[in-house]
Amino acid sequence: MPERGVAARVRHLLTANPFLTATAVAAALTCLLVPPSAEYLHYPEYRTLVGLWCFLTVISALDRTHLVTAAAEGVVGVLRGRRTLVVGLVLLTALGSMLITNDMALLTFLPLSALALRATGDEQHLAYVFVLQTVAANLGGMITPFGSPQNLFLYQYFHLSVGQLVAVMAIPFALSIALLVLACQRVPGGAIRPVTSRTPVRWRPAAVHLVLFAVAVALVVRALPVWAGLVVVAVVAVVDLQALRSVDYGLLATFVLFFVFAGNLERVPQASGFLQHLLQEHVLLWSVAGSQLISNVPTALIYAPFTDDWRALLLGVNVGGVGTVVASLASLITLRRYQLLRPGGTRAFLGLFTVVNVLFLVVLLGATSALLAAGVL
C-alpha cells in the first residue's frame, strides 16, 4: 500500500505539472545517450538546490502567517485614488518578487488585487492590472540573487557577487519600473472608496520565520555554508510542518531533471558542439529566444555550461521573462487565477497579455542590447 501511495503521488505530480512531465521525458531521453553513472552526481549545483528548497520552505511558512498579505493590505488601505491604487498594487508585486520570488509574489498579490478592485468597484480593470502585476513579478526579481529561480542558479553557477549582479541589472531594473509606472497611467484617475480589509497576523511564528528568512538570504549570498539551509528546513518542519508540505516540490524536481538533461547534453559531442557554436556570440538574443520557447529557467540551466558571457545570459533570461505566456512559468499562475475569476475571458486575456508583454520585451531588449554593445552593462 505505501508503494501504491507513493506511485499515486508521483502520478499526480506529473499530471498536475505538464512542464515537469516534459522535463522528465527530456532527461530520460538523454539518459539513453549517456547511461546513468557516478558522473551524474556531479551534475547538480547543490547550493542552488538547497538554497531553493530553503527559500521555498521559508516563504511558504511566512505566507501561512499572513504577514506579507497584512502588510500589503496596510499599504493599499492608505491609497485613495484609482490610479495610485493600481500603481501601488503593481509596485508591491515588483517589491514582493525581489524578496519572496516571482511565483510567491503573484500568489500573494493577485488575490489582494482582485479583492481591492472589487471593493472599489473597479473590476473592469482586473485583466490589465493582472497583466501588469505579472510583468512586475517577472521583471522585479531581476535585481536580487533570490528574486527568481534563474537568478538563484546563475548567481551560484558563475560565483557572482551581489555587487556584480546589481551592477549589471540596475539599469534594466530601473527602466522596467519606469515602464510599469508609465503603463499604469492608462488607468483613469479619480477618487475611490478606501480598502479596509485586514488579515490577522500570526505574530509569534512570523517572528521565527523572519529570522529564518534572514538565514536563507545569508545562505544564498554564500555568507553561510550549505548545511545551514538544511537546518532552516528542519526548524520549519518543527514549527510548521504543513508549510514544509506546501513547498512546490515540482519546481525542485524540475531543477534536478534539468541538471540531468544539461549535464548529459554537455557529454554528447554533437549537442555540446552545437550549443557552444550557437553561444559564441549573440548570447543575449539567443537567451531571449530560448526563454520565449521553453521558459527562462530551463534556458539558463541549459545555456550556462556553454558560455562564459554571464552578463548577456543573465540579462537575456531576465528580460526574456516577458513576451509569451511560457517565457516565465510564473505567468501561468496569473493565467490560472484569471480563469478562475473570469472563466470565459481566457482568449481576450491572452491577447492583452501578449500585446503588453511584447511591448515591454521590445523596449527592454532594444535598450539592453544597446547598453551591452556600448559596454555600459
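Residues numbered from 1 in each chain as written. Predicted model: local features only at pLDDT ≥ 70, side-chain atom pairs only at ≥ 80, totals over all residues. Heavy atoms only, no water.

S.K.: Quick one: what's the story with the nonpolar core, residue by residue and with numbers?
M.R.: Judged by nonpolar contacts, the single largest core of 121 residues is most densely connected at L154, F255 and F360. Beyond its immediate stretch of four places on either side in the chain, L154 contacts H159, L160, A300, A304, L313, L314 and V317. (Core = buried A, V, L, I, M, F, W, Y, C linked by side-chain atoms within 4.5 Å. Buried < 20%, exposed > 50% of the residue type's maximum accessible area, 1.4 Å probe, protein only. Contact = heavy atoms within 4.5 Å.)

S.K.: Account for helix 17 (residues 310-319), with residues named and values stated.
M.R.: Helix 17 sits mainly inside the fold: 9 of its 10 residues count as buried. Of all the residues in helix 17, the buried ones are W310, A312, L313, L314, L315, G316, V317, N318 and V319. Looking at the buried positions of helix 17, the neighbouring elements they touch are helix 7 (126-140), helix 8 (149-157), helix 9 (162-184), helix 15 (283-294), helix 16 (296-303) and helix 19 (346-373). (Helix = DSSP H or I, 4+ residues; strand = E, 2+ residues; numbered from the N terminus.)

S.K.: I'd love a proper account of the packing of aromatic side chains, names of residues and values included.
M.R.: What the rule picks out here adds up to 11 aromatic pairs. Geometrically, the ring pair formed by Y338 and F349 is stacked, given 4.4 Å between the ring centres and 20 degrees between the ring planes. Of this pair, Y338 sits in helix 18 (residues 330-341) while F349 is found in helix 19, placing the two residues 11 residues apart along the sequence. No difference in accessibility class separates Y338 from F349, as the two residues are buried. Cluster of aromatic residues (ring-pair linked, three or more members): F153, Y157, F158, F255 and F259. Across from the ring centre of Y128, 4.7 Å away, lies the NZ or CZ of R186, which sits over that ring. (Phe/Tyr/Trp six-rings, centres within 6.5 Å; stacked < 30°, edge-to-face > 60°. Lys NZ or Arg CZ within 6 Å of the ring centre and 35° of its normal.)

S.K.: Provide a residue-level description of the packing of helix 6 (residues 102-119) against helix 7, including the pertinent values.
M.R.: For any two helices packed against each other, the geometry is given by the interaxial angle and the distance between the axes. Where helix 6 meets helix 7, the closest approach of the two axes is 10 Å, and the angle between their N-to-C directions is 160 degrees. When the axes of helix 6 and helix 7 are compared, the pair comes out roughly antiparallel. Considering how the two elements wind past one another, helix 6 and helix 7 form a crossing that is right-handed. Where helix 6 abuts helix 7, its residues N102, L106, F109, L110, S113, A114 and L117 lie against L126, V129, F130, Q133, T134, A137 and N138. When grouped by side-chain class, the residues that make up the contact of helix 6 with helix 7 number 9 nonpolar, 5 polar and no charged. (Axes fitted to C-alpha atoms, helices over the stretch in contact; angles between N-to-C directions. Parallel < 35°, antiparallel > 145°, perpendicular 65-115°, else oblique. Left-handed = near helix turned anticlockwise from the far one by under 90°. Nonpolar A, V, L, I, M, F, W, Y, C, P; charged D, E, K, R; others polar.)

S.K.: Outline helix 3 (residues 46-65), listing residues and values.
M.R.: For helix 3, with 20 residues, the first-to-last C-alpha span of 29 Å sits near the 28 Å given by 1.5 Å per residue. Of all 20 residues in helix 3, 16 are buried; the element is thus mostly enclosed. Remark: H66 follows helix 3 within two positions and exhibits a positive phi of approximately 70 degrees. (Expected span 1.5 Å × (residues − 1).)

S.K.: Tell me about the pattern of salt bridges, residues and numbers included.
M.R.: Tallied over the full model, the rule gives 4 salt bridges. We note a salt bridge from R118 to E123, for which the minimum N-O separation is 3.5 Å. Residue E123 is classed as partly exposed on the basis of its relative accessible area, which comes to 33%. With a closest N to O distance of 3.9 Å, R342 and E123 form a salt bridge. In this pair, R342 sits in the loop between helix 18 and helix 19 while E123 sits in the loop between helix 6 and helix 7, placing the two residues 219 residues apart along the sequence. Put simply, R118, E123 and R342 are held in one network by salt bridges that share partners. (Salt bridge = Lys/Arg side-chain N within 4 Å of Asp/Glu carboxyl O.)

S.K.: Lay out a nonpolar patch on the surface with the relevant residues and their values.
M.R.: A cluster of nonpolar side chains, namely V25, L29 and L32, defines an oily patch on the protein surface of about 320 Å² accessible area. Inspection of the secondary structure assignment puts V25 in helix 2 (residues 18-33). Overall, the relative accessible area of 47% leaves V25 in the partly exposed class. (Patch = residues over 30% accessible without salt bridge, like charges linked within 9 Å, V, L, I, M, F, W, Y side chains within 5 Å. Areas by Shrake-Rupley, 256 points an atom, 1.4 Å probe, with all protein chains shown as cover.)

S.K.: I'd like to hear about the packing of helix 2 against helix 13 (residues 249-267), residue by residue, with values.
M.R.: At a minimum axis distance of 9 Å, the contact between helix 2 and helix 13 shows a crossing angle of 25 degrees. On the basis of the axis angle, helix 2 is roughly parallel to helix 13. For the pair helix 2 and helix 13, the crossing hand works out as left-handed. Of the residues in helix 13, those touching helix 2 at F19, L20, T23, A24, A26, A27, T30 and C31 are G250, A253, T254, L257, F258, V260, F261, N264 and L265. Of the residues belonging to the contact of helix 2 with helix 13, the class tally is 12 nonpolar, 5 polar and no charged.

S.K.: Describe the side chain of S176, with residues and values.
M.R.: Summarising the element assignment, S176 is placed in helix 9. Apart from residues lying up to four places away in sequence, S176 is in contact with L139, M142, F360 and L364.

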